[in-house]
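# Descriptive structure summary
In case you want the letters, here they are:
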Amino acid sequence: MKPGIHPEYREVVFQDIGADFSFLTRSTIATRETIKWTDGKEYPLVKIEVSSQSHPFYTGKQKILDTAGRVEKFRQKYGM
């Protein structure tokens, strides 16, 4: 690898703001915020809206759309 052209690969904390869930992983993402982790060290913080703790696929709280009902509403609206 060429020196000086790659972003810094470091440990970062990702925090799901909706589910109050955080995890520590490695990333090259740039951030201005930091957080003190459970090991006492400070890490860069990235706030996210969806993680495995809040996504419907992983939580089992998936909504099933009634596609037949949506088609009927479309046809009624546009007179088909």
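Because the structure is a prediction, the values reported are computed rather than measured.

A few words now on the pairing of strand β1 (residues 10-16). Of all seven residues in β1, six are buried; the element is thus mostly enclosed. Relative to strand β2 (residues 21-27), β1 runs antiparallel, the two being bridged by seven bridges. Bridging across to β2, V13 finds its partner in L24. Between β1 and the antiparallel strand that follows it, β2, lie four residues; D20 among them carries a positive phi value of about 50 degrees. The pairing of β1 with strand β4 (residues 42-48) spans four bridges and is classified as parallel. If you follow D16 over to β4, its bridge partner there is I48.

Before going further, it helps to spend a moment on the environment of K41. Summarising the element assignment, K41 is placed in the loop between β3 (34-36) and β4. Apart from residues no more than four positions distant in its own chain, K41 is found in contact with I35 and K36.

Looking now at the sheet that holds β1. Taken in spatial order, the four strands make up an open sheet running β2-β1-β4-β3, and their pairing is mixed. With one partner strand each, in any of the chains shown, β2 and β3 form the two edges of the open sheet. The sheet shows a mean angle of 45 degrees between the axes of neighbouring strands, taken without regard to direction. When β3 meets β4, the two strands line up antiparallel, connected through three bridges. Among the inter-strand pairings, K36 is bridged to a residue of β4, identified as E42.

On to the confidence of the model for the protein chain, then. Caution applies to low-pLDDT regions: their predicted coordinates should not be interpreted in detail. For the protein chain, the mean per-residue pLDDT works out to 83, and 80% of the residues sit at or above 70. At the low end of the mean pLDDT range in the protein chain sits helix α1 (residues 56-59), at 60; at the high end sits β3, at 95.

Counted by the stated rule, this structure contains three aromatic pairs. Plain terms: the ring middles of F14 and F23 are 5.6 Å apart, the flat faces sit at 15 degrees to each other, and that makes the pair stacked. Under the relative-accessibility criterion, F14 is labelled buried at 14%. Accessibility expressed as a relative area gives 30% for F23, which makes it partly exposed. Every member of this aromatic cluster is reached through a ring pair, and the members are F14, F21 and F23.

Conventions used here
Residues numbered from 1 in each chain as written. Predicted model: local features only at pLDDT ≥ 70, side-chain atom pairs only at ≥ 80, totals over all residues. Heavy atoms only, no water. Buried < 20%, exposed > 50% of the residue type's maximum accessible area, 1.4 Å probe, protein only. Helix = DSSP H or I, 4+ residues; strand = E, 2+ residues; numbered from the N terminus. Pairing = 2+ DSSP bridges. Contact = heavy atoms within 4.5 Å. Axes fitted to C-alpha atoms, helices over the stretch in contact; angles between N-to-C directions. pLDDT = per-residue confidence, 0-100. Phe/Tyr/Trp six-rings, centres within 6.5 Å; stacked < 30°, edge-to-face > 60°.

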